Amino acid sequence: MHIEFDILTLFPEMVEGFFSSSMLDRGQSKGVIDIRTHQLRNWAKDKHHKTDELPYGGGAGMVMKPEPIFAAVEDLRQPRSKVLYMAPDGVPLTSQLSRELAQQEHLIILSGHYEGVDQRVRDEIIDLEVSIGDYVLTNGTLAAAVLVDSVSRFIPGFLGDEKSLTEESFMSTLLAFPQYTRPADFRGMSVPEVLLSGDHAAIAKWRHEQQLEKTRQRRPDLSDT
């Protein structure tokens, strides 16, 4: 399994260091993922490489022009491509959505800026609009990086231990259980005895109880258990 990401943005430098670090860097080295960032201004045809204009009808801010975006997507799109737009009014990014997107072969991700993009872009060339939360960023480049990171984790071979996917928050209707490591006693704070017992059944029961309690306290909307 292999997936390609092409990110269209006015600020590729914001995420290039992120993509060349840690797991994402290793994923590219292993050939599991390819990540390419593109300066959207390269598709602007005027001498100033302009990508924005004032909105028709008036209002604050600028709107990204359709011409450079259409040209960029048309250059990059393949028959197997899916085009995403990072927008605060898109569908929420969830673990389930990330798992579904990890089945794709090629994702083109458009990062908005200013007051967003011309609606004709959204109507004609975007397959899916995605939001990473109910808040607004200065531009969608960071949101695109979050999506790439989340999706990549579901690609076979990306994680060193695939089991970790099944034990973390949002992979079920429960939040993750607490984790402890050495030393067993730190400044008078001790690791729960059950985790030192070697009794795997008891450990599994304790962890499940911890998940239920944390979910009840922090995110009762996730489960009725």
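Residues numbered from 1 in each chain as written. Predicted model: local features only at pLDDT ≥ 70, side-chain atom pairs only at ≥ 80, totals over all residues. Heavy atoms only, no water.

**Re the overall build of the protein chain**
Counted only if it meets this: Secondary structure is summarised from DSSP: a helix means a run of H or I of at least four residues, a strand means a run of E of at least two, and numbering begins at the N terminus for each. All radius of gyration figures rest on C-alpha atoms, and the globule criterion is 2.2 Å times the number of residues raised to 0.38. A simple rule labels every residue: compare its accessible area, found with a 1.4 Å probe on the protein chains alone, to the largest value its type can have, and call it buried under 20%, exposed over 50%, or partly exposed in between. For this analysis, residues touch if any pair of their heavy atoms sits within 4.5 Å. To measure how exposed things are, a 1.4 Å probe is used in the Shrake-Rupley method; for residues, cover is taken only from the protein chains shown.
In terms of helices and strands, the protein chain carries eight helices and nine strands. The C-alpha atoms of the protein chain give a radius of gyration of 22 Å, which is well past the 17 Å a tight globule of 225 residues would have. With the C-alpha coordinates of the protein chain rotated into their principal frame, the extents come out at 70 × 40 × 35 Å. Sorting the 225 residues of the protein chain into buried and exposed places 40% on the buried side. Relative to all contacts within the protein chain whose residues are 6 or more apart in sequence, the contacts with residues 24 or more apart total 77%. Of the accessible surface of the protein chain, which amounts to about 12900 Å², a share of 51% is contributed by carbon and sulfur atoms.

**Some thoughts on the pattern of salt bridges**
The condition is simple: One speaks of a salt bridge when a side-chain nitrogen belonging to Lys or Arg is within 4 Å of a carboxyl oxygen belonging to Asp or Glu.
Scanning all chains against the criterion turns up 12 salt bridges. Taking the shortest distance from any N to any O, the salt bridge between glutamate 105 and arginine 80 comes out at 3.9 Å. Highlighted residues: glutamate 105 in the loop between helix H4 (95-101) and strand S6 (106-111) and arginine 80 in the loop between helix H3 (66-76) and strand S5 (81-92), separated in sequence by 25 residues. For glutamate 105, a relative accessible area of 43% corresponds to the partly exposed category.

**Thoughts on the sheet that holds strand S7 (residues 128-131)**
The criterion, for reference: When DSSP finds at least two bridges between two strands, those strands are taken to pair. Where helices are involved, their axes are fitted lines through C-alpha atoms of the stretch in contact, as for all axes, and angles between N-to-C directions lie from 0 to 180°.
Strand order in the open sheet made by the five strands is S2-S1-S6-S5-S7, with parallel pairing throughout. With one partner strand each, in any of the chains shown, strand S2 (33-39) and S7 form the two edges of the open sheet. Taken pair by pair, the neighbouring strands of this sheet meet at an average axis angle of 30°, ignoring direction. Where strand S1 (residues 3-9) lies against S6, five bridges are found, and the strand directions are parallel. Across the sheet, the residue bridging to leucine 8 is leucine 110, located in S6.

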